[in-house]
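What follows is the residue order along each chain.
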Amino acid sequence: KNQVEQSPQSLIILEGKNCTLQCNYTVSPFSNLRWYKQDTGRGPVSLTIMTFSENTKSNGRYTATLDADTKQSSLHITASQLSDSASYICVVSDGNKLVFGAGTILRVKS
Amino acid sequence: GAGVSQSPSNKVTEKGKDVELRCDPISGHTALYWYRQRLGQGLEFLIYFQGNSAPDKSGLPSDRFSAERTGESVSTLTIQRTQQEDSAVYLCASSLKAIGWDQTYEQYFGPGTRLTVT
């Protein structure tokens, strides 16, 4: 049973364009939600962590939003760069462990 | 300082053999986590250590899998009698303290060990 669903599974955009990745979760109880970036052949790297009381957090060109009522989060990437090509993983903590989504594979092309 | 390191980076083994995967966490990090990532799938939690003890082994898929940690530092994940379905990337992560309610400690991941069982 997958408690963290991400969409789309994959996405191709042109360099310089914006994009938004979606995450829906059913994990309960909810402690915090994280977005990670995973480059091919590397371990995931944290982008943002949001608790229940936070509904937006930015890290450079990455902006994450959280709606704890609808159990949805999004990751918005502004002015994409070739180096943004990676898998983006949504992760939800229930206070004891992290539950990982399958990720959205983003490819930015020139 | 150095990040999380894992060795080997790649391991090819024959079905039925035992393998040991090693993780060196960031110095001073008391919590250490093992995950498995199958191709095209999300990370699966296997086990975590707080210090040298493992409070949660719930993710270990079978009794062929075991892990230990010594000196609140290095950890080894051992898979006995490997099967083809064990083929995956095994990721290790460490954090200053263990995940807990209202705690947002960052997890820092190693590059992983790609295990292929033939």
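Think of each chain on its own: its residues are numbered from 1, step by step along the sequence as written. To read the labels, note that chains go from A and ligands from 1, taken in the order they are written. Thresholds applied to this predicted model are a pLDDT of at least 70 for local features of residues and 80 or more for the giving and counting of side-chain atom pairs; totals over whole chains, interfaces and linings are not thresholded and use all residues. The side-chain numbers reported here are obtained from all heavy atoms of the structure, hydrogens and water having been left aside.

## A closer look at the overall build of chain B
In terms of regular secondary structure, chain B is built from zero helices and 11 strands. We count a stretch as a helix when DSSP gives it H or I for four or more residues in a row; a strand needs E for two or more, and each element gets its number in order from the N terminus. In chain B, the succession of α and β elements from N to C terminus is β-β-β-β-β-β-β-β-β-β-β. All radius of gyration figures rest on C-alpha atoms, and the globule criterion is 2.2 Å times the number of residues raised to 0.38. The C-alpha atoms of chain B give a radius of gyration of 14 Å, which matches the 13 Å a tight globule of 118 residues would have. Taken along the three principal axes of its C-alpha coordinates, chain B extends 40 × 30 × 30 Å. Counting only residues that meet the buried cut, chain B has 47% of its 118 residues in that class. Per-residue and other accessible areas were derived by the Shrake-Rupley procedure at a 1.4 Å probe size, with only the shown protein chains allowed to occlude residues. Carbon and sulfur atoms form 45% of the exposed surface of chain B, whose accessible area is close to 5,700 Å². Charged side chains of chain B number 12 positive and 13 negative; the gap between the two group centres comes to 5 Å. Relative accessibility thresholds used throughout: buried, under 20% of the residue-type maximum; exposed, over 50%; partly exposed, between the two (1.4 Å probe, protein chains only). The sign given to each residue is positive for Lys and Arg and negative for Asp and Glu; His and the chain ends receive no count. Just so you know, the charge point we use is NZ for Lys, CZ for Arg, CG for Asp and CD for Glu.

## Re the sheet that holds strand 3 (residues 19-25) of chain A
All names here are of chain A. As summarised here, the arrangement of the five strands in space is 1-3-8-7-6, forming an open sheet in which the pairing is antiparallel. Of all the strands in the sheet, the pair left with one neighbour each is strand 1 (4-7) and strand 6 (56-59). Mean inter-strand twist for the sheet, computed between neighbouring axes without regard to direction, equals 15°. Following DSSP output, two strands are said to pair if at least two bridges run between them. Interaxial angle, 0 to 180 degrees, is taken between N-to-C directions of lines fitted to C-alpha atoms, where a helix line uses only the stretch in contact.

## Details of the packing of aromatic side chains
Pairing of aromatic rings covers Phe, Tyr and Trp, the last counted by its six-membered ring, and requires centre-to-centre distances within 6.5 Å; plane angles under 30 degrees mean stacked, over 60 mean edge-to-face, and any other angle means tilted. Inspection of every chain in the model, using the stated rule, returns 11 aromatic pairs over all chains. Taking 5.0 Å as the distance between ring centres and 70° as the angle between the ring planes, the aromatic pair formed by A:Phe100 and B:Tyr35 counts as edge-to-face. Of this pair, A:Phe100 sits in strand 10 (residues 98-100) while B:Tyr35 sits in strand 4 (residues 31-37), which puts the two residues in different chains. Classification of A:Phe100 as buried rests on a relative accessible area of 6%. Ring geometry for B:Tyr35 against B:Phe45: centres 6.2 Å apart, planes inclined by 70°, an arrangement best described as edge-to-face. With B:Tyr35 in strand 4 and B:Phe45 in strand 5 (residues 43-50), this pair connects stretches of sequence that are 10 residues apart. A relative accessible area of 1% means that B:Tyr35 is categorised as buried. Three or more aromatic residues joined by ring pairs form one cluster here, namely A:Tyr36, A:Phe100, B:Tyr33, B:Tyr35, B:Phe45, B:Tyr48 and B:Phe109. Here, a charge over a ring means that NZ of Lys or CZ of Arg falls within 6 Å of the ring centre while also lying within 35 degrees of the ring normal. Positioned above the aromatic ring of A:Tyr62 is the side chain of A:Arg61, whose terminal nitrogen or guanidinium carbon lies 5.7 Å from the ring centre.

## Brief notes about the interface of chain A and chain B
It only takes one pair of heavy atoms within 4.5 Å for two residues to be counted as in contact. Contact with chain A, which involves 24 residues of that partner, is made by 18 residues of chain B. When chain A packs against chain B, close to 1,600 Å² is buried across both sides, 58% of that on carbon and sulfur atoms. Take a side-chain nitrogen of Lys or Arg and a carboxyl oxygen of Asp or Glu: if they are within 4 Å of each other, that pair is a salt bridge. Summed over the shared surface of chain A and chain B, the number is zero salt bridges. Nitrogen and oxygen atoms within 3.5 Å of one another constitute a polar contact, given that in protein one can donate a hydrogen and the other can accept it, and given that sequence-neighbouring residues count only through two side-chain atoms. Connecting chain A to chain B are three residue pairs in polar contact (both at pLDDT 80 or more). Broken down by secondary-structure element, the contributors of at least two residues to the side of chain A that touches chain B are strand 4 (32-38), strand 5 (45-51), strand 9 (86-93) and strand 10 of chain A. Of the residues forming the side of chain A that touches chain B, the biggest block, four residues, is contributed by strand 4 of chain A. Throughout, buried area stands for the accessible area (probe radius 1.4 Å) lost by two parts on being put together, summed over both.

## Considerations on the sheet that holds strand 1 (residues 5-7) of chain B
Residues and elements named next belong to chain B. Taking strand neighbours across the sheet as the criterion, the four strands line up as 1-3-8-7 in an open arrangement whose pairing is antiparallel. Taken across any chain shown, the strands that pair with only one partner, and hence form the sheet edges, are strand 1 and strand 7 (65-69). Averaged over all pairs of adjacent strands, the angle between their axes in this sheet comes to 15°, without regard to strand direction. Across three bridges, strand 1 lies against strand 3 (residues 19-24) in antiparallel orientation. Its bridge partner being in strand 3, Ser-7 is matched across the sheet by Arg-22.

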